[in-house]
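As a plain string of letters, each chain reads:
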Amino acid sequence: MAQQGVQLDQERLCCSICLDVLRDPVTVPCGHSYCRRCIEGYWNQDDQRGRYSCPQCRQMFVPRPILKKNTMLAEVVESLKKTGLHDVPADHCYAGPGDAACDFCTGRRLKAVKTCLQCQVSYCDAHIQPHYQSPAFKKHKLVNASSELQENTCSRHHEARKLFCRTDQQCICSLCSEEEHKGHDIISAAAERTERQRELYVSQQKTWQRIQEREKDVKVLHQEVESINHCADRAVEDSDTIFTELISSIERKRSELRVMIRDQQERELSCVEELRRGVEQEATELRRRHAELEKLSLTEDHIHFLHNYTSSLSWISESTHPVSCPVRPLKYFGDVTVAVSKMRDKLEDILKEGGTNVSDTLNRLSASPEPKTRADFLQYSCPITLDPNTAHQCLSLSNEGRKAVRMHEDQSYPDHPERFTETCQVLSRDGLTGRSYWEVEWSGNYVSAAVSYKDIGRVGTQSAFGFNERSWSLQCTKQRYVFIHAGVKTQIPGRVSSRVGVYLDHSAGALSFYSVSDCETMRLLHTVHTTFTHKLRAGLWLSSCDGNTAELCYLRENMQSLQWPR
C-alpha cells in the first residue's frame, strides 16, 4: 500500500512532457506544472508564431508568460525523494507508444506482460498474479501481451472474435455468425489457422527454396567476382611481363647498336689514322725535297745543277700517295639515325594499333547487356533531325527536320559544299556515338534507312548509301529488305513492315536493323560488327518516284514494351 501511495504521488508529480518527476517545477498561468527546461524547450518552438499554449489544456498565452518556480511543488518533490521515490518502478516499466498497457493500473499504467483471451484484458506483472494463483482462472488462456487486443474484439458486440467467415474472409464473433454472417461458410479461427498454416508452410518451403537458389546465385556471382579479379590481376601481370620484356629487348638492341657504332667508329678512325701518318710522312719528305730544290735553284754551278736536276724531278713522279686525301661524307652515321627513326616509327605504329585492339577488347568486355525488348531499345532513343545543308534538291524536309518527301520539282536550297548533288539522300545534323536507337516510318516504293560517316562523297553514284566503305544501308521495298555495304547486297527474307528500327553501339562496333510491325513486335533483320573510327550520322535515301516519304519517328511519346519473338 505504501508503494501504491508513492506511485500515486509520483504520477501526480510527473511532467507531462518528459514523463519524469518534476525537476525545477514551474507553473504556467492555466495552473499546470512542468519542468522549467521542458516547457521552455516546448515554447521555443513557437517563438516564430508569437503564440504559446499549454501542452495539456491547449490554452493560448500572448505574450510568452514569465515562468516562476513553484516552491511548494519543489519541496514536495524533494520530500518524496527522501521518503521512498527510489522504490517506484523505473521509467522504462511504464507503457509507452506501441506497448500494451495494463488495463488494471490507474494513473500512469505499467507495461502489460500477459493478455487473457477469455477476459480480453491485459495485465502487468502485479495484476496477473490472481490468474496464476486462483483456481477460478485455471482454464483461462494467457498469451504474451499485445497492443492489438482491440483487433481481436468485435467492435459491435464487444465479444472475442473466435470464428472465421470464409465467405467474407474475416474474423467474427459468435453473435456475428448468427446475424449478418448467417448462412455463410463459417469455421473456427483455430481450424482456419490450421489450414492457413499448411499453406504458409508450403509458401515457406517455396520461399526457402528460392532463398537457397539465390544463395547459389550469390555463390556463383561471388565466384565470378573472384574469377574476374583473378583474370584481371593475371592480365595485368602478363601485360607487365610482356612490356618489361619488350623494354628489355629495346634496351638490349640499343646497347648492341651502340657497340656496333663504336666498333665501326674505331675501324674508321684506325683507317684515317693510318692514312694520316702516311700523309704526314710524305709531307715531311716533300718539305725536305722542296728545300733541296730550293738550294739547287740557287746554285751558280751549272754543271752541278744539271747533274742533280734529273734525279730531283724523278722522285716527285715516283710518289705513291694520292694528291688529295679521300674523306668519307659526314652523313655516314646519319644513315644509322635515319634507320633507327624508321624502326621507332614502325614500333609506334604497332603499339598504337595494338593499343586500339586492346581498348576495343576491353570495351567489349565491359559493355552493358544488349537490349532485348523495345522498352530497352527506347532507353537509347535520341532526337535526330535532318541537316538541310546535305539534302538533295529533290527532297522536301518538314516536321521540324524529321521528315523527307521526294518531290517532282527541285527545292530552292542554296549551294553548299555538303549537299548531295546526284543521289536523292540526306544526312542527320548531329553525329552519333555510344549507344543510339531510332526508328524510320516509310511509305512508297523504295526507301533506305542508312548510317554513314560525315565525309562520305557528295558526287557520283559511289556517294549513294551502301555503295561505298563509308556507309551501311537497309533498302526497304514492298516485297523485301536488302542490306548493302561496299556495294555488296544481302537479301533479307520475311514480311516487310512500314517501320524499321536502327540500333547503333558505336564503342562495341555493332549496327543492327530491326523490323517494327503493327502487331508491336520487333524482328532482327541484319547485324554488322566492325570498328567505327569516327562519329556516324543517320541517313535517308528515297527513290526517284514522287511521293516516297521517310520520317524519323519521335519515340518519347510511345514507351510501351513490345513482345520479343523467340
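Since we're looking at a predicted model, the values are computed, not measured.

A.B. asks: Looking at this structure, how should I read the state of the cysteines?
C.D. replies: Disulfide: a covalent bond connecting the sulfur atoms of a pair of cysteines. Enumeration over the complete set of coordinates arrives at one disulfide. A sulfur-sulfur distance of 2.4 Å marks the disulfide that ties Cys394 to Cys424. One end of the pair, Cys394, is in the loop between helix 9 (374-378) and strand 11 (395-398); the other, Cys424, is in the loop between strand 12 (403-406) and strand 13 (425-427), and 30 residues separate them in sequence. Judged by relative accessible area, Cys394 falls into the buried class, the value being 3%. When its relative accessible area of 8% is taken as the criterion, Cys424 is described as buried. Cysteine Cys54 shares no disulfide, and the gap to the nearest cysteine sulfur, in Cys30, comes to 3.4 Å.

A.B. asks: Would you mind showing me how to read a nonpolar patch on the surface here?
C.D. replies: A cluster of nonpolar side chains, namely Phe305, Leu306, Tyr309 and Leu313, defines an oily patch on the protein surface of about 370 Å² accessible area. Topologically, Leu313 is positioned in helix 7 (residues 302-317). Residue class for Leu313 comes out partly exposed when judged on its relative accessible area of 37%.

A.B. asks: Could you clarify how one ought to interpret unusual backbone geometry in this entry?
C.D. replies: Glycine aside, a negative phi is what most residues show, and trans is what most peptide bonds show. Going from Val62 to Pro63, the amide bond is cis rather than trans, its omega being 0°. Topologically, Pro63 is positioned in the loop between strand 4 (60-61) and helix 3 (71-82). In the Ramachandran plot, Glu400 falls in the positive-phi region, its phi being about 60° despite a non-glycine side chain. Inspection of the secondary structure puts Glu400 in the loop between strand 11 and strand 12. By relative accessible area, which is 69% here, Glu400 ends up exposed.

A.B. asks: Got a minute to help me understand the packing of aromatic side chains in this structure?
C.D. replies: Each aromatic ring pair is described using two quantities: the centre-to-centre distance and the angle formed by the ring planes. Counted by the stated rule, this structure contains eleven aromatic pairs. Connected via pairs of aromatic rings, a cluster forms that spans Phe377, Tyr380, Tyr437, Tyr503 and Tyr514. Residue placement shows Arg458 over the ring face of Phe420; its charged tip is 4.7 Å from the ring centre.

A.B. asks: Sorry if this is basic, but what is going on with the confidence of the model for the protein here?
C.D. replies: Detailed reading of the predicted model is not advised wherever pLDDT is low. On average, residues of the protein score 82 in pLDDT, and 86% of them reach the 70 mark or higher. This model gives residues 1-8 a pLDDT under 50, and the stretch forms eight contacts once residues within four places in sequence are excluded. Contacts of residues 557-566 to residues separated by more than four positions or lying in other chains number 24 contacts, the stretch itself having pLDDT below 50.

Criteria and thresholds
Residues numbered from 1 in each chain as written. Predicted model: local features only at pLDDT ≥ 70, side-chain atom pairs only at ≥ 80, totals over all residues. Heavy atoms only, no water. Disulfide = S-S within 2.5 Å. Helix = DSSP H or I, 4+ residues; strand = E, 2+ residues; numbered from the N terminus. Buried < 20%, exposed > 50% of the residue type's maximum accessible area, 1.4 Å probe, protein only. Patch = residues over 30% accessible without salt bridge, like charges linked within 9 Å, V, L, I, M, F, W, Y side chains within 5 Å. Areas by Shrake-Rupley, 256 points an atom, 1.4 Å probe, with all protein chains shown as cover. Salt bridge = Lys/Arg side-chain N within 4 Å of Asp/Glu carboxyl O. Phe/Tyr/Trp six-rings, centres within 6.5 Å; stacked < 30°, edge-to-face > 60°. Lys NZ or Arg CZ within 6 Å of the ring centre and 35° of its normal. pLDDT = per-residue confidence, 0-100. Contact = heavy atoms within 4.5 Å.

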